[in-house]
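Working through the structure, step by step
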Amino acid sequence: MNTKRTLLKSVAAAALATLAIGAAHAADITGAGATFPFPIYAKWAEAYKKETGVGLNYQSIGSSGGLRQIRAKTVAFGASDAPVSGADLDKDAMVQFPAIIGGTVPVFNLDGFKPGELRVTGPVLAEMFMGTISKWNDPKIAALNPGKTLPDQTITVVHRADGSGTTFNFTDYLSAVSKPWADSVGKGAAVKWPAPTSVGGKGNEGVAANVNRVKGALGYVEYAYTKKNNMPFLQLQNADGKYVSPDDKTFAAAAAGVDWFSVPGMGVSMVNAKGADSWPISTASFILMYKEPQDKAQSAEVLKFFDWSFKNGKQMAADLDYVPLPDSLTNQIRSKVWSQIAK
């Protein structure tokens with residue numbers, strides 16, 4: 001665990017250097033979007049530049065920002081954790097494919113509790129984010145955690161201030177497990193957060209920082225940020241009624257039964273997946289590219305980068321507790337998706 005935390009810190013430092021270097025070279029790849037996969041894209045970019053000399057200038061600005069950038073044609077690829085619908089892909093003449101799988105994790109700040117030591121069900125978690133459960137010692141939380149001494153502490157909800165695929169994934173889950181949430185808030189890259197105590201943070205980084213700063217805080221971040229900041233997380237009850245913790249194994253369990261080509265653009269939701277070991281807020285992060293790119297050379301470099309990463313980056317992904325795509329799926333992506341992009 002310590003080794004992985006150290007690796008995450010080095011990834012963050014290396015990423016800044018890699019992206020700064022990448023920005024200085026005209027041949028380097030440009031991309032923008034989701035903060036969720038930033039740690040692994042940065043790690044892949046560092047290794048890829050050492051081997052090929054080609055860098056990656058990736059702006060970690062959130063999924064909504066990534067969609068704006070690719071639609072404005074200012075980058076060679078956009079990245080989003082909220083999949084774009086088949087109709088919108090057709091309208092924009094773009095393709096979409098998953099690049100990595102990970103998980104969104106509810107994190108909190110209470111003295112004396114270790115990661116995974118407290119557990120909640122999906123409906124209780126929804127009530128906490130709605131504000132109908134406003135104290136950590138609420139009887140509904142206490143009933144799920146017998147023997148734990150919970151403080152009379154106000155729950156401060158921390159959410160994304162920017163349009164976010166992580167928010168889409170998280171609210172997709174809350175909508176699936178809580179009818180009150182689905183009816184009153186719903187799902188989206190940005191929603192109106194109902195809890196009176198709600199405060200925003202920009203990016204996964206901003207949410208993690210605010211949760212760490214505010215006693216009693218409750219937020220949600222991608223798992224790599226949980227580990228990098230050594231944050232306590234809540235165990236969740238999954239669709240099979242089992243309490244599970246987030247890690248690469250429980251993310252992989254959620255992805256095991258996915259039929260990726262069952263919807264246009266491969267935009268399959270994995271929330272509340274069946275399986276005793278499945279983490280219920282697992283997700284893929286997606287890449288968006290034009291079928292007829294303005295700069296075909298840049299587009300070709302993007303495909304070379306992801307081709308190399310799919311082949312050589314599996315262990316790097318596992319080290320950061322992401323789940324790499326299986327070879328059978330990446331082969332299908334090459335033949336069914338990349339083949340639509342003009343060379």
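Now for a quick tour of the structure.

**Looking at the sheet that holds strand 8 (residues 217–222)**
Pairing is mixed in the open sheet, where eight strands are placed in the order 2-1-3-11-4-8-6-7. Each edge of the open sheet is held by one strand with a lone partner, namely strand 2 (56–60) and strand 7 (199–201). Each strand axis lies, on average, 25 degrees off the axis of its neighbour in the sheet, ignoring direction. By the bridge criterion, three bridges tie strand 6 (residues 156–160) to strand 7 in an arrangement that is parallel. What sits directly across from Arg-160, in strand 7, is Gly-201. Docked against the sheet, helix 5 (residues 122–130) engages strand 4 (94–108), strand 6 and strand 8, running at close to 115 degrees with respect to strand 8.

**Structural notes on the sheet that holds strand 9 (residues 235–237)**
Spatially, three strands are ordered 5-9-10 in an open sheet, and the strand pairing comes out mixed. Looking along the sheet, the strands with just one partner apiece sit at the ends: strand 5 (119–120) and strand 10 (243–244). Here strand 5 runs beside strand 9; their pairing, made up of two bridges, is parallel. In the strand pairing of strand 9, Arg-119 is matched with Gln-235.

**A few points about the environment of Asp-162**
You can see Asp-162 is positioned in the loop between strand 6 and helix 7 (165–177). Take Asp-162: its relative accessible area is 12%, and that puts it in the buried class. Distance in space between the C-alpha atoms of Asp-162 and Gly-31 is 18 Å, their sequence separation being 131 residues. With residues up to four places along the chain from it excluded, the contact list for Asp-162 reads Ile-61, Gly-62, Ala-189, Gly-201, Lys-202 and Gly-203. At 2.8 Å, the side chain of Asp-162 forms a polar contact with the side chain of Arg-160.

**Details of the pairing of strand 1 (residues 29–33)**
On any regular strand, side chains alternate: one points to one face of the sheet, the next to the other face. Buried residues dominate strand 1, accounting for four of its five residues. With respect to chirality, the unit in which strand 1 leads through helix 2 (residues 38–52) into the neighbouring parallel strand 2 is right-handed. Sheet topology places strand 1 next to strand 3 (residues 77–80); three bridges connect them, and they run parallel. Bridge pairing in strand 3 places Gly-31 opposite Phe-77.

**Describing the nonpolar core**
Ranked by internal contacts, the top residues of the largest apolar core, which has 97 residues, are Tyr-41, Phe-97, Leu-125, Phe-129, Trp-260 and Phe-306. Setting aside its immediate chain neighbours within four residues, Phe-97 contacts Met-266, Ser-285, Phe-286, Ile-287, Met-289, Phe-306, Phe-310, Ile-333, Val-337 and Trp-338. Leu-67, Ile-70, Val-75 and Tyr-290 belong to the second-largest nonpolar core, a separate cluster that totals nine residues.

**Let's talk about the pairing of strand 4**
With respect to burial, strand 4 is a largely interior element, 15 of its 15 residues being buried. Sheet topology note: the strand 4/strand 8 ladder contains five bridges and is antiparallel. Bridge pairing in strand 8 links Pro-106 to Tyr-220.

**Some points on the pattern of salt bridges**
Within the structure shown, the criterion is met by 16 salt bridges. Across the pair Lys-50 and Glu-46 runs a salt bridge whose closest N-O atoms are separated by 4.0 Å. You can see Lys-50 and its partner Glu-46 sitting in helix 2, four residues apart, about one turn around the helix. Between Asp-152 and Lys-135 there is a salt bridge; the shortest N-O distance is 3.5 Å. With Asp-152 in the loop between helix 6 (139–144) and strand 6 and Lys-135 in the loop between helix 5 and helix 6, this pair connects stretches of sequence that are 17 residues apart. Among the charged side chains, a salt-bridge network with shared partners connects Lys-43, Glu-46 and Lys-50.

Reading the values: the criteria
- Sequence positions are assigned chain by chain, starting from 1 and proceeding in written order.
- Local features are withheld for residues below a pLDDT of 70 in this predicted model, meaning they are given only at 70 or higher, and side-chain atom pairs are given and counted only at 80 or more; totals for whole chains, interfaces and linings count all residues.
- Water and hydrogen atoms were dropped before computing side-chain values, which therefore reflect all heavy atoms in the structure.
- By this definition, two strands are paired if DSSP reports at least two bridges between them.
- Runs of H or I in DSSP of at least four residues are treated as helices and runs of E of at least two as strands, each being numbered from the N terminus.
- Here the axes come from fitting lines to C-alpha atoms, over the contacting stretch only for helices, and the angles between their N-to-C directions go from 0 to 180 degrees.
- By definition, residues are in contact when any of their heavy atoms lie within 4.5 Å.
- Relative accessibility decides the category of a residue: with a 1.4 Å probe and only protein chains considered, values under 20% of the type maximum give buried, values over 50% give exposed, and everything between is partly exposed.
- For the purposes of these results, a polar contact is taken to be a pair of N or O atoms within 3.5 Å, where, inside protein, one atom must be able to donate a hydrogen and its partner to accept one; residues adjacent in sequence count only when each atom of the pair is a side-chain atom.
- By convention a crossover is right-handed if, when the strands point away from the viewer, the path from the first strand over the helix to the second runs clockwise.
- Joining through side-chain atoms within 4.5 Å is the link that ties buried Ala, Val, Leu, Ile, Met, Phe, Trp, Tyr and Cys residues into a set, and such a set is a nonpolar core.
- In the sections that follow, a salt bridge refers to a side-chain nitrogen of Lys or Arg positioned within 4 Å of a carboxyl oxygen of Asp or Glu.

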